[in-house]
Amino acid sequence: MALTPIMTTLAFVLHPDGERVLMVHRTARPGDEQLGKYNGLGGKLEADEDVVACIRRELREEAGIEATSLRLRGTVGWPGFGRNGEDHFGFVFVVDSFAGEVPPCNEEGTLSWERIDELHTLPMWEGDRHFLPLVFDETIQQFHGCLPYRAGEPVGWSVTTL
């Protein structure tokens with residue numbers, strides 16, 4: 001069966017020290033399906049934009065920054081991920097440098113610089129633990145994964161690395 005996914009972007013903004021990454025702790029909106037979880041920044045593509053324009057817009061909206069250097073690290077398909085079983089497909093970026101000052105919070109929650117080597121200790125989507133190490137693994141050029149969900153839980157993981 002062919003996917004008809006909601007197209008999304010997700011960025012992990014590196015701190016200038018190279019050891020930390022910007023995360024949002026989703027605590028601001030009761031009823032948020034991601035309430036209590038940590039995540040990178042990003043969101044849904046609009047009809048008139050490409051994926052790079054989308055992630056740049058999302059970074060401006062969510063963190064008040066302008067990406068000056070970014071890399072596509074990979075893609076992830078999330079069949080069945082949505083609240084009502086919608087499929088999602090995301091383009092995952094690393095932002096190596098940016099201009100602007102990151103505020104302490106946004107409308108979704110607190111923004112914080114978290115150590116890359118400790119991300120696995122944070123509350124997040126269980127499925128993110130499959131692809132997150134690949135985002136920061138410089139021994140691979142890109143990854144392209146499929147992470148199906150059923151009833152809010154991951155039920156598989158497959159990935160191709162280049």
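Analysis parameters
- Residues numbered from 1 in each chain as written.
- Predicted model: local features only at pLDDT ≥ 70, side-chain atom pairs only at ≥ 80, totals over all residues.
- Heavy atoms only, no water.
- Helix = DSSP H or I, 4+ residues; strand = E, 2+ residues; numbered from the N terminus.
- Expected span 1.5 Å × (residues − 1).
- Buried < 20%, exposed > 50% of the residue type's maximum accessible area, 1.4 Å probe, protein only.
- Polar contact = N/O pair within 3.5 Å; in protein donor to acceptor, adjacent residues only side chain to side chain.
- Salt bridge = Lys/Arg side-chain N within 4 Å of Asp/Glu carboxyl O.
- Contact = heavy atoms within 4.5 Å.
- Arc of directions from axis to C-beta.
- Phe/Tyr/Trp six-rings, centres within 6.5 Å; stacked < 30°, edge-to-face > 60°.
- Lys NZ or Arg CZ within 6 Å of the ring centre and 35° of its normal.
- UniProt positions renumbered as here; feature names shortened; annotations may be inferred.
- Pairing = 2+ DSSP bridges.

### Thoughts on helix H1 (residues 51-63)
Working step 1: The first and last C-alpha atoms of H1 sit 18 Å apart over 13 residues, in line with the 18 Å expected at 1.5 Å per residue.
Working step 2: Where H1 is concerned, the buried positions are Cys-54, Ile-55, Arg-57, Glu-58, Leu-59, Glu-62 and Ala-63.
Working step 3: Where H1 starts, the residue carrying a side-chain oxygen 2.9 Å from the main-chain nitrogen of Val-52 turns out to be Asp-50.
Working step 4: Just downstream of H1, Gly-64 is the residue with a positive phi angle, here 65°.

### Here's the deal with the pattern of salt bridges
Working step 1: Enumeration according to the criterion identifies 13 salt bridges in this entry.
Working step 2: With a shortest N-O distance of 3.2 Å, Glu-19 and Arg-115 are connected by a salt bridge. In this pair, Glu-19 is assigned in the loop between strand E1 (6-14) and strand E2 (20-26) and Arg-115 in strand E8 (residues 109-115), connecting sequence segments 96 residues apart.
Working step 3: Since its relative accessible area comes to 44%, Glu-19 is described here as partly exposed.
Working step 4: Where salt bridges share partners, they join Glu-46, Glu-49, Arg-57, Glu-58 and Glu-61 into one cluster.

### What to know about the environment of Leu-72
Working step 1: Mapped onto the elements of the fold, Leu-72 is located in strand E5 (residues 66-78).
Working step 2: According to the relative accessible area criterion, Leu-72 is partly exposed, its value standing at 31%.
Working step 3: As for Leu-72 and Phe-93, which are separated by 21 residues in sequence, their C-alpha atoms are 4.5 Å apart.
Working step 4: Filtering out sequence-adjacent residues up to four positions away, Leu-72 remains in contact with Phe-91, Val-92, Phe-93, Gln-141 and Gln-142.

### Focus on helix H2 (residues 128-135)
Working step 1: What H2 keeps buried is the set Asp-128, Phe-131, Leu-132, Leu-134 and Val-135. The arc that holds every buried residue of H2, seen down its axis, measures 160°, which confines them to one face.
Working step 2: Against the buried residues of H2 lie E1, strand E3 (38-39), E5, strand E6 (88-99), strand E9 (143-146) and strand E12 (158-161).

### Thoughts on the packing of aromatic side chains
Working step 1: Inspection of the entire model under this criterion finds nine aromatic pairs.
Working step 2: Look at Trp-78 and Phe-81: their rings are 6.1 Å apart centre to centre, the planes differ by 40°, and that puts the pair in the tilted class. Each of the two residues, Trp-78 as well as Phe-81, counts as buried.
Working step 3: Judged by centre distance (6.2 Å) and plane angle (90°), the rings of Trp-125 and Tyr-149 are edge-to-face. Highlighted residues: Trp-125 in the loop between E8 and H2 and Tyr-149 in strand E10 (residues 149-150), separated in sequence by 24 residues. As far as the burial class goes, Trp-125 and Tyr-149 line up, both buried.
Working step 4: By way of ring pairs, the aromatic residues Trp-78, Phe-81, Trp-125, Phe-131, Phe-143 and Tyr-149 are connected into one cluster.
Working step 5: Across from the ring centre of Trp-125, 4.5 Å away, lies the NZ or CZ of Lys-37, which sits over that ring.

### Points about the UniProt feature "domain: Nudix hydrolase" (unreviewed entry) in the protein chain
Working step 1: Using the residue numbers shown here, the UniProt feature "domain: Nudix hydrolase" (unreviewed entry) corresponds to residues 4-137.
Working step 2: Taken end to end, residues 4-137 is 16% helix and 42% strand, and its two terminal C-alpha atoms sit 29 Å from one another.

### So, the pairing of E5
Working step 1: In this structure, E5 lies alongside E6, joined through eleven bridges in antiparallel fashion. Residue pairing in the sheet places Gly-74 in a bridge with Val-92 of E6.
Working step 2: Bridge analysis of E5 against E9 gives four bridges, and the strand direction is parallel. Paired with Gly-77 across the bridge in E9 is Cys-146.

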